[in-house]
Amino acid sequence: MVVNTLSGNTIARIAIPGIGGIAGSAVSPDGLKVYVAESISNVVINASTNTVFSTINLGANVFPYGIAISPNGSTVYATDQRHNVIVINALSNSVVATIFMGTGQGAFPFGIAVSPDGSKVYAANTNNNNLAVINTATNTLVDTIPVGRGPYGVALTPDGSLVYVANEFSNTVSVVNTSTSS
C-alpha cells in the first residue's frame, strides 16, 4: 500500500507476486525503488509507477524478513530467518554474498540497518540475543554485541554513533555505542 504522507490517503495498492508473508520494505536513497522482503524472494517496485518490475531470487529455503539499503543505493541487505544476511547488488539485482550469522540457539536475524557512512551493517539476532556487526567492505561478520532478549528492531542515529535495538522478550531497548561496541 502506498500512502500520501501529507494527506494520509492511500494512493495505490501494489500486488506482490509470491506466496505472501511480506515482512519488510526499504526505499532506495534516490526514491526510485522500493525493495520488499517477500517470504521467498525480494521484490523491487518502481516508485514512479507503483508497479513491480523485478523479483530477486535469493536461493532455496531463504525467508527474508528485514531489509536495508546502503546510503549510496548500490547494495541491499536482507535478513534471512535461516541464519544469514544476504547481500544484493542493487544494479544487477543479484546476490553477491551470504553472511552466516552463527547457530547458537539458531541465529534468527530480523531487523537490520546500515550505518550512515555505509561501512557497517547491524542485524538483530533474535534467538541469540545479540546484535551482529558486519563489515561491508569484506561482507564478513566482525562482532556480536550482547543485547536484551529477543532483539527485533534496529535503528541508528543520523551520525551513526548509537544503535538502538528493540528487545521484544525483555521489553527493553538496548543502546549501543558504535565506537566502543558497548
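Residues numbered from 1 in each chain as written. Predicted model: local features only at pLDDT ≥ 70, side-chain atom pairs only at ≥ 80, totals over all residues. Heavy atoms only, no water.

S.K.: Hey, could you run me through the overall build of the chain in this one?
M.R.: When its secondary structure is counted, the chain shows zero helices and 17 strands. Relative to the compact-globule value of 16 Å for 182 residues, the chain shows a C-alpha radius of gyration of 16 Å, a close match. Seen through its principal axes, the chain has C-alpha atoms that stretch 45 × 40 × 30 Å. By the burial criterion, 45% of the 182 residues in the chain qualify as buried. Long-range contacts, defined as pairs at least 24 residues apart, comprise 33% of the intrachain contacts of the chain with a sequence gap of at least 6. Approximately 8,700 Å² of the chain is accessible, and the part contributed by carbon and sulfur atoms is 53%. In the chain, 5 positive and 7 negative side-chain charges are present, and the distance between their average locations comes to 7 Å. (Helix = DSSP H or I, 4+ residues; strand = E, 2+ residues; numbered from the N terminus. Rg over C-alpha atoms; globule rule 2.2 N^0.38 Å. Buried < 20%, exposed > 50% of the residue type's maximum accessible area, 1.4 Å probe, protein only. Contact = heavy atoms within 4.5 Å. Areas by Shrake-Rupley, 256 points an atom, 1.4 Å probe, with all protein chains shown as cover. Lys, Arg positive; Asp, Glu negative; His and termini not counted. Charge placed at Lys NZ, Arg CZ, Asp CG, Glu CD.)

S.K.: Sorry, what's going on with the side chain of N84 here?
M.R.: By secondary structure assignment, the location of N84 is in strand β9 (residues 84-89). Judged by its relative accessible area of 14%, N84 is buried. Each residue touching N84, except ones within four places of it in the same chain, is listed here: A78, T79, T98, I99, F100, M101 and P109.

S.K.: Would you mind going over the sheet that holds strand β8 (residues 75-80) with me for this structure?
M.R.: Sheet strands associate in pairs through backbone hydrogen bonding, adopting either a parallel or an antiparallel arrangement. Across the sheet, which stays open at both edges, the four strands sit in the order β7-β8-β9-β10 with antiparallel pairing between neighbours. What marks the edges here is a single partner per strand, and that holds for β7 (64-69) and β10 (94-100). Averaged over all neighbouring strand pairs, the angle between strand axes comes to 25°, with direction disregarded. Summarising the sheet, β7 and β8 pair through four bridges and their orientation is antiparallel. Within the sheet, the bridge partner assigned to A68 lies in β8 and is Y77. (Pairing = 2+ DSSP bridges. Axes fitted to C-alpha atoms, helices over the stretch in contact; angles between N-to-C directions.)

S.K.: Help me understand the packing of aromatic side chains, please; the structure alone is not making it clear to me.
M.R.: Centre distance and the angle of the planes are the two values used to describe a pair of aromatic rings. For the coordinates displayed, the defined rule picks out four aromatic pairs. Arranged with centres 6.4 Å apart and planes meeting at 85°, the rings of Y152 and F169 form a pair that is edge-to-face. A residue pair is termed long-range when its members are at least 10 positions apart, and Y152 in strand β15 (residues 151-156) and F169 in the loop between β16 (162-167) and β17 (172-177) qualify at 17 residues. Relative accessible area serves as the criterion here: at 23%, Y152 is assigned to the partly exposed category. (Phe/Tyr/Trp six-rings, centres within 6.5 Å; stacked < 30°, edge-to-face > 60°.)

S.K.: Help me out: how do you make sense of the pairing of strand β6 (residues 51-57) in this one?
M.R.: The side chains of a regular strand alternate, residue by residue, between the two faces of the sheet. Two strands pair when backbone bridges link them, and strand β5 (residues 41-46) and β6 are joined in this way by six bridges, in the antiparallel orientation. Directly across from I45, in β6, lies its bridge partner V52. Hairpin connection of β5 to β6: four residues between the antiparallel strands, including N50 at a positive phi of 55°.

S.K.: Honestly, the nonpolar core in this entry has me stumped. Any pointers?
M.R.: One broad trend across soluble globular proteins is that nonpolar side chains are buried collectively. With 14 residues, the main nonpolar core has Y77, V85, I99, M101, I112, V121 and I134 as its most contacted residues. Sorting the residues of this core by element identifies β9, β10, β11 (109-114), β12 (120-125) and β13 (130-135) as the ones contributing at least two each. Excluding its chain neighbours within four sequence positions, the residues that come into contact with I134 are V85, I99, M101, S119, K120, V121, N139, T140, L141 and V142. (Core = buried A, V, L, I, M, F, W, Y, C linked by side-chain atoms within 4.5 Å.)

S.K.: In this structure, what is going on with the environment of N61? I would like to understand it.
M.R.: Within the secondary structure, N61 sits in the loop between β6 and β7. Measuring from C-alpha to C-alpha, the distance between N61 and S39 comes to 9.7 Å, with 22 residues separating the pair along the chain. Once residues lying within four places of it in the same chain are set aside, the contact partners of N61 are D80 and R82.

S.K.: Even after reading the chapter, I still don't get a nonpolar patch on the surface, so can you show me in this structure?
M.R.: Judged by side-chain polarity, Y164, V173 and V175 come together as a nonpolar surface patch covering roughly 260 Å² of accessible area. With respect to the element layout, V175 can be found in strand β17. (Patch = residues over 30% accessible without salt bridge, like charges linked within 9 Å, V, L, I, M, F, W, Y side chains within 5 Å. Salt bridge = Lys/Arg side-chain N within 4 Å of Asp/Glu carboxyl O.)

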